[in-house]
Amino acid sequence: MQDNPIDKQDILNELAELHSLDYDYEDGRILGSMCTQAHPFAKEVYCKFLDTNLGDPGLFKGTKRIEEEVIKSIGELLSLDEAYGNIVTGGTEANLMAIRAARNHARKYKGITDGEIIIPNSAHFSFKKAADMLSLKIVEAKLDENYKIDVGSLNEAISDKTVAIVAIAGTTELGLIDPIEEISKIAFEKNIYFHVDAAFGGFSIPFLREIGYNLPVFDFSLDGVCSITVDPHKMGLAPIPAGGIIFRKEEYLEVMAVDSPYLTVKTQSTIVGTRLGASSAATYAIMKYFGKKGYSKIAGNLMENTMFFAQNLKEIGYEIICEPELNIVAFNHPTMDTNVLAGKLEKRGWKVSVAKCPVAIRVVLMNHIKKNHLEELLKDLKDLY
Ligand SMILES: Cc1ncc(COP(=O)(O)O)c(C=O)c1O
(Lines give C-alpha, C1' and ligand atoms only; values in the text may rest on other atoms or scores of the structure.)
Protein backbone atom coordinates (compact mmCIF):
# COMPACT_ATOMS: atom_id res chain seq x y z
CA MET A 1 0.00 0.00 0.00
CA GLN A 2 1.22 3.52 -0.79
CA ASP A 3 1.83 6.04 2.07
CA ASN A 4 -0.51 8.81 0.98
CA PRO A 5 -4.20 8.85 0.03
CA ILE A 6 -5.00 8.81 -3.68
CA ASP A 7 -7.67 10.90 -5.32
CA LYS A 8 -10.97 9.01 -5.80
CA GLN A 9 -11.14 9.73 -9.52
CA ASP A 10 -7.62 8.37 -10.08
CA ILE A 11 -8.57 5.17 -8.24
CA LEU A 12 -11.75 4.82 -10.29
CA ASN A 13 -9.83 5.36 -13.54
CA GLU A 14 -7.32 2.70 -12.60
CA LEU A 15 -10.09 0.26 -11.69
CA ALA A 16 -11.99 1.00 -14.89
CA GLU A 17 -8.88 0.21 -16.91
CA LEU A 18 -8.48 -3.14 -15.18
CA HIS A 19 -12.22 -3.85 -15.44
CA SER A 20 -12.02 -3.27 -19.20
CA LEU A 21 -9.82 -6.38 -19.45
CA ASP A 22 -12.80 -8.49 -18.35
CA TYR A 23 -15.11 -10.13 -20.85
CA ASP A 24 -18.55 -8.57 -20.87
CA TYR A 25 -21.67 -10.79 -20.76
CA GLU A 26 -23.40 -8.22 -22.95
CA ASP A 27 -21.19 -9.10 -25.94
CA GLY A 28 -22.74 -12.58 -25.97
CA ARG A 29 -19.30 -14.12 -26.45
CA ILE A 30 -19.07 -15.95 -23.10
CA LEU A 31 -20.25 -19.40 -24.12
CA GLY A 32 -19.42 -21.64 -21.18
CA SER A 33 -20.46 -19.73 -18.06
CA MET A 34 -23.23 -20.97 -15.78
CA CYS A 35 -23.57 -17.47 -14.37
CA THR A 36 -24.88 -14.45 -16.22
CA GLN A 37 -25.67 -10.79 -15.78
CA ALA A 38 -27.80 -10.32 -12.68
CA HIS A 39 -31.11 -8.51 -13.12
CA PRO A 40 -30.79 -4.72 -12.44
CA PHE A 41 -33.53 -4.83 -9.79
CA ALA A 42 -31.70 -7.56 -7.88
CA LYS A 43 -28.50 -5.49 -8.03
CA GLU A 44 -30.34 -2.42 -6.74
CA VAL A 45 -31.68 -4.35 -3.75
CA TYR A 46 -28.30 -6.01 -3.14
CA CYS A 47 -26.63 -2.60 -2.69
CA LYS A 48 -29.15 -1.62 0.00
CA PHE A 49 -28.14 -4.59 2.18
CA LEU A 50 -24.36 -4.42 1.89
CA ASP A 51 -23.82 -3.81 5.60
CA THR A 52 -25.97 -6.65 6.86
CA ASN A 53 -24.34 -9.68 8.45
CA LEU A 54 -26.29 -12.91 8.78
CA GLY A 55 -23.46 -14.37 10.82
CA ASP A 56 -24.87 -12.34 13.70
CA PRO A 57 -28.61 -12.57 13.00
CA GLY A 58 -29.74 -11.11 16.33
CA LEU A 59 -28.45 -7.76 15.04
CA PHE A 60 -30.16 -8.15 11.68
CA LYS A 61 -33.50 -9.67 12.58
CA GLY A 62 -35.27 -8.31 9.51
CA THR A 63 -32.65 -9.62 7.12
CA LYS A 64 -32.70 -12.99 8.88
CA ARG A 65 -36.47 -13.07 8.28
CA ILE A 66 -35.77 -12.38 4.60
CA GLU A 67 -33.39 -15.34 4.43
CA GLU A 68 -36.00 -17.56 6.11
CA GLU A 69 -38.64 -16.41 3.62
CA VAL A 70 -36.34 -17.14 0.66
CA ILE A 71 -35.58 -20.62 1.97
CA LYS A 72 -39.32 -21.19 2.46
CA SER A 73 -40.08 -20.06 -1.11
CA ILE A 74 -37.34 -22.18 -2.67
CA GLY A 75 -38.47 -25.09 -0.47
CA GLU A 76 -42.05 -24.73 -1.76
CA LEU A 77 -40.78 -24.66 -5.32
CA LEU A 78 -39.11 -27.97 -4.52
CA SER A 79 -42.26 -29.52 -2.96
CA LEU A 80 -41.21 -29.02 0.66
CA ASP A 81 -43.65 -27.29 3.04
CA GLU A 82 -41.20 -26.71 5.84
CA ALA A 83 -37.72 -26.05 4.55
CA TYR A 84 -34.47 -25.45 6.44
CA GLY A 85 -31.26 -24.07 5.04
CA ASN A 86 -29.34 -21.01 4.02
CA ILE A 87 -28.43 -18.68 1.20
CA VAL A 88 -24.69 -19.19 0.84
CA THR A 89 -21.95 -18.15 -1.56
CA GLY A 90 -22.71 -20.64 -4.31
CA GLY A 91 -23.04 -24.26 -5.30
CA THR A 92 -19.68 -25.20 -3.88
CA GLU A 93 -20.51 -24.03 -0.37
CA ALA A 94 -24.02 -25.50 -0.60
CA ASN A 95 -22.62 -28.90 -1.59
CA LEU A 96 -20.02 -28.67 1.16
CA MET A 97 -22.76 -28.02 3.73
CA ALA A 98 -24.82 -30.96 2.45
CA ILE A 99 -21.90 -33.37 2.65
CA ARG A 100 -20.91 -32.06 6.07
CA ALA A 101 -24.47 -32.61 7.30
CA ALA A 102 -24.47 -36.15 5.88
CA ARG A 103 -21.09 -36.99 7.41
CA ASN A 104 -22.00 -35.62 10.85
CA HIS A 105 -25.39 -37.33 10.77
CA ALA A 106 -23.85 -40.69 9.90
CA ARG A 107 -21.20 -40.22 12.59
CA LYS A 108 -23.80 -39.39 15.23
CA TYR A 109 -26.50 -41.94 14.36
CA LYS A 110 -24.56 -44.77 12.71
CA GLY A 111 -21.12 -44.41 14.27
CA ILE A 112 -19.40 -44.15 10.86
CA THR A 113 -16.02 -42.49 11.32
CA ASP A 114 -14.31 -43.26 8.00
CA GLY A 115 -17.09 -42.44 5.60
CA GLU A 116 -17.43 -42.61 1.84
CA ILE A 117 -19.55 -40.58 -0.57
CA ILE A 118 -20.82 -41.95 -3.84
CA ILE A 119 -20.81 -39.40 -6.64
CA PRO A 120 -21.25 -39.84 -10.38
CA ASN A 121 -18.41 -39.32 -12.76
CA SER A 122 -20.24 -36.22 -13.95
CA ALA A 123 -20.36 -34.53 -10.51
CA HIS A 124 -19.05 -30.99 -10.13
CA PHE A 125 -15.53 -30.78 -8.69
CA SER A 126 -16.91 -29.11 -5.55
CA PHE A 127 -17.51 -32.63 -4.17
CA LYS A 128 -13.78 -33.33 -4.42
CA LYS A 129 -13.16 -30.25 -2.28
CA ALA A 130 -15.86 -31.35 0.19
CA ALA A 131 -14.44 -34.87 0.47
CA ASP A 132 -10.95 -33.48 0.99
CA MET A 133 -12.02 -31.01 3.68
CA LEU A 134 -14.23 -33.55 5.47
CA SER A 135 -11.77 -36.48 5.18
CA LEU A 136 -14.20 -38.63 3.21
CA LYS A 137 -13.36 -41.11 0.50
CA ILE A 138 -14.93 -40.63 -2.92
CA VAL A 139 -16.40 -43.67 -4.64
CA GLU A 140 -17.36 -42.93 -8.22
CA ALA A 141 -20.48 -44.41 -9.77
CA LYS A 142 -20.17 -45.04 -13.50
CA LEU A 143 -22.30 -43.34 -16.11
CA ASP A 144 -24.50 -45.20 -18.57
CA GLU A 145 -24.39 -44.72 -22.34
CA ASN A 146 -26.56 -41.60 -21.94
CA TYR A 147 -24.08 -39.95 -19.54
CA LYS A 148 -26.37 -40.41 -16.52
CA ILE A 149 -25.67 -42.37 -13.33
CA ASP A 150 -25.68 -46.10 -13.96
CA VAL A 151 -27.93 -47.22 -11.12
CA GLY A 152 -26.40 -50.72 -11.09
CA SER A 153 -22.93 -49.26 -10.62
CA LEU A 154 -24.26 -47.01 -7.86
CA ASN A 155 -25.83 -49.97 -6.10
CA GLU A 156 -22.54 -51.85 -6.22
CA ALA A 157 -20.72 -48.84 -4.78
CA ILE A 158 -22.84 -48.75 -1.61
CA SER A 159 -21.07 -50.07 1.48
CA ASP A 160 -21.50 -49.86 5.25
CA LYS A 161 -19.25 -46.78 5.10
CA THR A 162 -21.48 -44.83 2.69
CA VAL A 163 -22.51 -41.56 4.33
CA ALA A 164 -24.06 -39.93 1.25
CA ILE A 165 -25.17 -40.56 -2.29
CA VAL A 166 -25.10 -37.62 -4.70
CA ALA A 167 -27.03 -37.21 -7.94
CA ILE A 168 -27.22 -34.24 -10.29
CA ALA A 169 -30.21 -32.35 -11.68
CA GLY A 170 -28.51 -30.46 -14.48
CA THR A 171 -24.94 -31.69 -14.90
CA THR A 172 -22.26 -29.06 -15.32
CA GLU A 173 -21.00 -30.32 -18.65
CA LEU A 174 -24.12 -31.60 -20.41
CA GLY A 175 -27.08 -30.28 -18.37
CA LEU A 176 -28.50 -33.78 -17.87
CA ILE A 177 -30.74 -35.01 -15.06
CA ASP A 178 -29.80 -38.25 -13.30
CA PRO A 179 -32.43 -40.96 -12.55
CA ILE A 180 -33.19 -39.31 -9.23
CA GLU A 181 -36.49 -41.09 -8.51
CA GLU A 182 -34.84 -44.50 -8.79
CA ILE A 183 -31.86 -43.46 -6.67
CA SER A 184 -34.15 -41.88 -4.09
CA LYS A 185 -35.90 -45.23 -3.60
CA ILE A 186 -32.59 -47.00 -3.03
CA ALA A 187 -31.35 -44.34 -0.61
CA PHE A 188 -34.63 -44.37 1.31
CA GLU A 189 -34.73 -48.16 1.61
CA LYS A 190 -31.12 -48.32 2.75
CA ASN A 191 -31.44 -45.29 5.01
CA ILE A 192 -28.59 -43.41 3.32
CA TYR A 193 -28.43 -39.62 3.04
CA PHE A 194 -29.27 -38.54 -0.52
CA HIS A 195 -28.18 -35.12 -1.82
CA VAL A 196 -29.34 -33.69 -5.16
CA ASP A 197 -27.10 -31.09 -6.74
CA ALA A 198 -29.50 -28.87 -8.68
CA ALA A 199 -27.16 -25.87 -8.55
CA PHE A 200 -27.73 -25.42 -12.28
CA GLY A 201 -31.14 -27.02 -12.87
CA GLY A 202 -32.92 -25.87 -9.72
CA PHE A 203 -34.04 -22.55 -11.13
CA SER A 204 -35.21 -23.99 -14.42
CA ILE A 205 -36.53 -27.58 -14.10
CA PRO A 206 -39.56 -26.65 -11.92
CA PHE A 207 -40.50 -23.84 -14.31
CA LEU A 208 -39.99 -25.91 -17.45
CA ARG A 209 -42.20 -28.63 -15.95
CA GLU A 210 -44.80 -25.95 -15.26
CA ILE A 211 -44.93 -25.01 -18.97
CA GLY A 212 -45.17 -28.59 -20.15
CA TYR A 213 -41.59 -29.80 -20.62
CA ASN A 214 -41.43 -33.50 -19.88
CA LEU A 215 -38.65 -33.48 -17.29
CA PRO A 216 -38.31 -35.94 -14.42
CA VAL A 217 -39.14 -35.21 -10.78
CA PHE A 218 -36.00 -34.42 -8.80
CA ASP A 219 -37.21 -32.76 -5.62
CA PHE A 220 -38.45 -33.36 -2.06
CA SER A 221 -41.62 -35.06 -3.32
CA LEU A 222 -39.28 -38.06 -3.47
CA ASP A 223 -38.99 -39.46 0.07
CA GLY A 224 -35.29 -40.25 -0.13
CA VAL A 225 -34.11 -36.73 -0.98
CA CYS A 226 -32.51 -35.15 2.12
CA SER A 227 -31.08 -31.95 0.66
CA ILE A 228 -30.93 -29.97 -2.58
CA THR A 229 -28.48 -27.35 -3.82
CA VAL A 230 -30.13 -24.61 -5.91
CA ASP A 231 -28.23 -21.54 -7.04
CA PRO A 232 -30.00 -18.20 -7.41
CA HIS A 233 -26.83 -16.77 -9.01
CA LYS A 234 -27.15 -19.08 -12.00
CA MET A 235 -30.57 -19.22 -13.70
CA GLY A 236 -32.19 -17.28 -10.82
CA LEU A 237 -30.60 -14.02 -12.10
CA ALA A 238 -29.50 -12.95 -8.60
CA PRO A 239 -26.09 -11.28 -8.21
CA ILE A 240 -23.04 -13.35 -7.27
CA PRO A 241 -22.65 -14.69 -4.60
CA ALA A 242 -25.95 -16.53 -4.10
CA GLY A 243 -26.14 -20.28 -3.65
CA GLY A 244 -28.90 -22.11 -1.86
CA ILE A 245 -28.89 -25.19 0.34
CA ILE A 246 -32.25 -26.62 1.34
CA PHE A 247 -32.59 -29.41 3.93
CA ARG A 248 -35.63 -31.59 4.52
CA LYS A 249 -35.13 -31.66 8.30
CA GLU A 250 -33.78 -29.26 10.89
CA GLU A 251 -31.68 -32.05 12.39
CA TYR A 252 -29.32 -31.80 9.40
CA LEU A 253 -28.47 -28.26 10.48
CA GLU A 254 -28.31 -29.31 14.13
CA VAL A 255 -25.65 -31.96 13.53
CA MET A 256 -23.39 -29.23 12.11
CA ALA A 257 -23.99 -26.67 14.86
CA VAL A 258 -21.02 -25.32 16.81
CA ASP A 259 -21.21 -22.92 19.75
CA SER A 260 -20.85 -19.25 18.77
CA PRO A 261 -20.22 -17.67 22.18
CA TYR A 262 -19.78 -13.95 21.45
CA LEU A 263 -22.64 -13.61 18.96
CA THR A 264 -26.37 -12.95 19.29
CA VAL A 265 -27.18 -16.61 18.63
CA LYS A 266 -25.87 -19.57 20.61
CA THR A 267 -24.89 -21.82 17.70
CA GLN A 268 -23.96 -21.58 14.04
CA SER A 269 -24.32 -24.30 11.38
CA THR A 270 -23.03 -22.47 8.31
CA ILE A 271 -19.43 -22.78 7.17
CA VAL A 272 -18.94 -19.06 6.74
CA GLY A 273 -19.14 -16.87 9.88
CA THR A 274 -19.74 -13.29 8.80
CA ARG A 275 -21.95 -13.58 5.75
CA LEU A 276 -23.84 -11.29 3.43
CA GLY A 277 -27.51 -10.55 3.95
CA ALA A 278 -27.45 -8.82 0.56
CA SER A 279 -27.55 -12.16 -1.28
CA SER A 280 -30.72 -13.17 0.54
CA ALA A 281 -32.36 -9.79 0.01
CA ALA A 282 -31.54 -9.72 -3.71
CA THR A 283 -32.78 -13.30 -4.15
CA TYR A 284 -35.97 -12.46 -2.24
CA ALA A 285 -36.57 -9.43 -4.46
CA ILE A 286 -35.93 -11.15 -7.78
CA MET A 287 -38.09 -14.16 -6.90
CA LYS A 288 -40.98 -11.85 -6.04
CA TYR A 289 -40.34 -9.73 -9.12
CA PHE A 290 -40.49 -12.63 -11.60
CA GLY A 291 -42.80 -15.06 -9.85
CA LYS A 292 -43.31 -18.49 -11.39
CA LYS A 293 -44.67 -16.99 -14.60
CA GLY A 294 -41.61 -14.77 -15.13
CA TYR A 295 -39.12 -17.56 -14.51
CA SER A 296 -41.12 -19.93 -16.71
CA LYS A 297 -40.91 -17.45 -19.56
CA ILE A 298 -37.14 -17.07 -19.13
CA ALA A 299 -36.56 -20.83 -18.87
CA GLY A 300 -38.77 -21.41 -21.92
CA ASN A 301 -36.85 -18.81 -23.96
CA LEU A 302 -33.53 -20.36 -23.01
CA MET A 303 -34.79 -23.76 -24.17
CA GLU A 304 -35.99 -22.30 -27.46
CA ASN A 305 -32.52 -20.85 -28.07
CA THR A 306 -31.01 -24.19 -27.08
CA MET A 307 -33.13 -26.12 -29.59
CA PHE A 308 -32.49 -23.53 -32.32
CA PHE A 309 -28.74 -23.83 -31.79
CA ALA A 310 -28.72 -27.64 -31.59
CA GLN A 311 -30.84 -27.99 -34.73
CA ASN A 312 -28.68 -25.60 -36.74
CA LEU A 313 -25.47 -27.27 -35.61
CA LYS A 314 -26.80 -30.59 -36.87
CA GLU A 315 -27.78 -29.03 -40.20
CA ILE A 316 -24.22 -27.75 -40.69
CA GLY A 317 -22.87 -31.25 -39.94
CA TYR A 318 -21.66 -31.01 -36.33
CA GLU A 319 -22.35 -33.93 -33.99
CA ILE A 320 -24.37 -33.31 -30.85
CA ILE A 321 -23.27 -35.36 -27.83
CA CYS A 322 -26.83 -35.79 -26.54
CA GLU A 323 -30.24 -34.24 -27.06
CA PRO A 324 -30.33 -31.30 -24.60
CA GLU A 325 -32.53 -31.69 -21.52
CA LEU A 326 -31.68 -28.25 -20.19
CA ASN A 327 -29.99 -25.24 -21.81
CA ILE A 328 -26.60 -26.77 -22.63
CA VAL A 329 -25.49 -28.01 -26.04
CA ALA A 330 -22.29 -30.06 -26.34
CA PHE A 331 -20.96 -30.87 -29.78
CA ASN A 332 -17.99 -31.89 -31.88
CA HIS A 333 -16.84 -31.64 -35.47
CA PRO A 334 -16.96 -35.11 -37.05
CA THR A 335 -13.21 -35.14 -37.74
CA MET A 336 -11.53 -31.99 -36.36
CA ASP A 337 -9.93 -32.28 -32.90
CA THR A 338 -12.13 -30.51 -30.33
CA ASN A 339 -9.30 -28.42 -28.91
CA VAL A 340 -8.23 -27.32 -32.38
CA LEU A 341 -11.80 -26.20 -33.10
CA ALA A 342 -11.97 -24.48 -29.70
CA GLY A 343 -8.71 -22.64 -30.51
CA LYS A 344 -10.10 -21.45 -33.86
CA LEU A 345 -13.26 -20.15 -32.19
CA GLU A 346 -11.19 -18.39 -29.52
CA LYS A 347 -9.24 -16.67 -32.32
CA ARG A 348 -12.57 -15.36 -33.60
CA GLY A 349 -13.33 -13.88 -30.19
CA TRP A 350 -15.54 -16.56 -28.61
CA LYS A 351 -14.90 -17.60 -25.00
CA VAL A 352 -15.24 -21.33 -25.42
CA SER A 353 -15.52 -24.08 -22.82
CA VAL A 354 -14.43 -27.66 -23.47
CA ALA A 355 -16.11 -30.51 -21.59
CA LYS A 356 -13.97 -33.42 -20.36
CA CYS A 357 -16.47 -36.28 -20.27
CA PRO A 358 -16.90 -36.70 -23.17
CA VAL A 359 -14.53 -34.18 -24.74
CA ALA A 360 -16.74 -31.67 -26.56
CA ILE A 361 -17.36 -27.98 -26.94
CA ARG A 362 -20.12 -27.02 -24.54
CA VAL A 363 -22.28 -23.96 -24.91
CA VAL A 364 -24.38 -22.93 -21.92
CA LEU A 365 -27.31 -20.98 -23.32
CA MET A 366 -27.60 -18.41 -20.54
CA ASN A 367 -29.63 -15.24 -20.66
CA HIS A 368 -26.79 -13.13 -22.09
CA ILE A 369 -26.61 -15.26 -25.26
CA LYS A 370 -29.25 -13.89 -27.61
CA LYS A 371 -30.48 -15.24 -30.93
CA ASN A 372 -28.27 -12.78 -32.91
CA HIS A 373 -25.18 -14.02 -31.03
CA LEU A 374 -26.13 -17.59 -31.91
CA GLU A 375 -26.51 -16.64 -35.56
CA GLU A 376 -23.02 -15.09 -35.53
CA LEU A 377 -21.61 -18.18 -33.81
CA LEU A 378 -23.30 -20.52 -36.30
CA LYS A 379 -21.90 -18.44 -39.16
CA ASP A 380 -18.38 -18.87 -37.76
CA LEU A 381 -18.96 -22.59 -37.19
CA LYS A 382 -20.16 -23.00 -40.76
CA ASP A 383 -17.06 -21.17 -41.95
CA LEU A 384 -14.78 -23.41 -39.92
CA TYR A 385 -16.53 -26.65 -40.88
C1 LIG B 1 -23.95 -28.82 -10.90
C2 LIG B 1 -23.07 -27.80 -10.22
N3 LIG B 1 -22.85 -27.89 -8.90
C4 LIG B 1 -22.08 -27.01 -8.25
C5 LIG B 1 -21.47 -25.98 -8.91
C6 LIG B 1 -20.60 -25.02 -8.16
O7 LIG B 1 -21.22 -23.77 -8.07
P8 LIG B 1 -20.39 -22.46 -7.69
O9 LIG B 1 -19.42 -22.24 -8.81
O10 LIG B 1 -21.46 -21.43 -7.58
O11 LIG B 1 -19.71 -22.70 -6.40
C12 LIG B 1 -21.66 -25.84 -10.29
C13 LIG B 1 -21.02 -24.75 -11.01
O14 LIG B 1 -21.15 -24.53 -12.16
C15 LIG B 1 -22.48 -26.78 -10.97
O16 LIG B 1 -22.67 -26.73 -12.28
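All figures in this text were calculated on a predicted structure; none of them were measured in a lab.

**Re the packing of aromatic side chains**
1) Next: Here the structure, examined in full by the defined rule, presents eleven aromatic pairs.
2) Next: Ring geometry for F203 and F207: centres 6.4 Å apart, planes at 35°, overall tilted.
3) Next: Look at F203 and you get buried, because its relative accessible area is 2%.
4) Next: An angle of 80° between the planes, with centres 5.5 Å apart, marks the rings of Y318 and F331 as edge-to-face. Of this pair, Y318 sits in the loop between α10 (278–316) and β10 (319–320) while F331 sits in strand β11 (residues 328–332); the two residues are 13 residues apart in sequence, bridging distant segments of the chain.
5) Next: Exposure remark for Y318: the relative accessible area of 3% places this residue in the buried category.
6) Next: In this structure F331 comes out as buried when scored by relative accessible area, which is 1%.
7) Next: It is R29 that lies over the ring of W350; its NZ or CZ is 3.7 Å from the centre.

**Notes on a negative patch on the surface**
1) Next: Where like charges cluster on the molecular surface, the negative patch consists of D7, D10, E14 and E17.
2) Next: Mapped onto the secondary structure, D7 falls in the segment before α1 (8–19).
3) Next: Exposure remark for D7: the relative accessible area of 47% places this residue in the partly exposed category.

**Topic: the nonpolar core**
1) Next: Within the largest apolar cluster, 67 residues are counted, with the highest numbers of intra-cluster contacts made by L154, I165, I180, F194 and V196.
2) Next: For this core, the leading source of residues is α10, giving twelve residues.
3) Next: A domain-level breakdown of this core finds at least three residues from each of domain 1 (15–39 + 292–384) and domain 2 (41–288).
4) Next: Aside from chain neighbours lying at most four places away, what touches I180 is A167, I168, A169, F194, V196, V217, F218, L222 and V225.

**Let's talk about the domain arrangement of the chain**
1) Next: You can read the domains of the chain as domain 1 (15–39 + 292–384) and domain 2 (41–288).
2) Next: The gap between the C-alpha centroids of domain 1 and domain 2 is 27 Å.
3) Next: Taken together, the contact between domain 1 and domain 2 spans 30 residues of the former and 37 residues of the latter.
4) Next: Taking both partners together, domain 1 and domain 2 bury about 3000 Å²; carbon and sulfur atoms supply 69% of that area.
5) Next: Linking domain 1 with domain 2 are one salt bridge.
6) Next: The partner of E325 in a salt bridge is K148, with the nearest N and O atoms 2.7 Å apart.
7) Next: For the interface between domain 1 and domain 2, the tally reads ten residue pairs in polar contact (both at pLDDT 80 or more).

**Looking at the environment of A38**
1) Next: Position of A38 among the secondary structure elements: in the loop between α1 and α2 (40–48).
2) Next: According to the relative accessible area criterion, A38 is buried, its value standing at 13%.
3) Next: In sequence terms A38 and M235 are 197 residues apart; their C-alpha atoms lie 9.4 Å from each other.
4) Next: Sequence-distant contacts of A38, defined by excluding residues within four places in its chain, comprise K43, L237, A238 and P239.

**Overview of the site of the ligand**
1) Next: The full set close to the ligand counts 13 residues, and T92, T172, D197, H233 and K234 are the nearest of them.
2) Next: In this structure, T172 approaches the ligand through a side-chain N or O atom, which is 2.8 Å from an oxygen atom.
3) Next: For the ligand, the accessible surface in isolation is 390 Å², of which the surrounding protein chains cover 85%.
4) Next: Among the elements that take part in the shell around the ligand, helix α4 (residues 91–110) stands out by supplying three residues, more than any other.
5) Next: The class makeup of the residues in the shell around the ligand is two nonpolar, eight polar and three charged.

**Remarks on the sheet that holds strand β12 (residues 353–356)**
1) Next: Reading across from one edge, β10-β11-β13-β12 is the order of the four strands in this open sheet, with antiparallel pairing throughout. In this open sheet, the two strands that pair with only one neighbour each are β10 and β12.
2) Next: The sheet contact formed by β11 and strand β13 (residues 359–364) spans four bridges and is antiparallel. Bridging from a neighbouring strand, I328 pairs with V364 of β13.

Calculation rules
Residues numbered from 1 in each chain as written. Predicted model: local features only at pLDDT ≥ 70, side-chain atom pairs only at ≥ 80, totals over all residues. Heavy atoms only, no water. Phe/Tyr/Trp six-rings, centres within 6.5 Å; stacked < 30°, edge-to-face > 60°. Buried < 20%, exposed > 50% of the residue type's maximum accessible area, 1.4 Å probe, protein only. Helix = DSSP H or I, 4+ residues; strand = E, 2+ residues; numbered from the N terminus. Lys NZ or Arg CZ within 6 Å of the ring centre and 35° of its normal. Patch = residues over 30% accessible without salt bridge, like charges linked within 9 Å, V, L, I, M, F, W, Y side chains within 5 Å. Areas by Shrake-Rupley, 256 points an atom, 1.4 Å probe, with all protein chains shown as cover. Salt bridge = Lys/Arg side-chain N within 4 Å of Asp/Glu carboxyl O. Lys, Arg positive; Asp, Glu negative; His and termini not counted. Charge placed at Lys NZ, Arg CZ, Asp CG, Glu CD. Core = buried A, V, L, I, M, F, W, Y, C linked by side-chain atoms within 4.5 Å. Domains from an automatic or database assignment. Contact = heavy atoms within 4.5 Å. Buried area = accessible area lost by both parts, 1.4 Å probe. Polar contact = N/O pair within 3.5 Å; in protein donor to acceptor, adjacent residues only side chain to side chain. Near = heavy atom within 4 Å. Nonpolar A, V, L, I, M, F, W, Y, C, P; charged D, E, K, R; others polar. Pairing = 2+ DSSP bridges.

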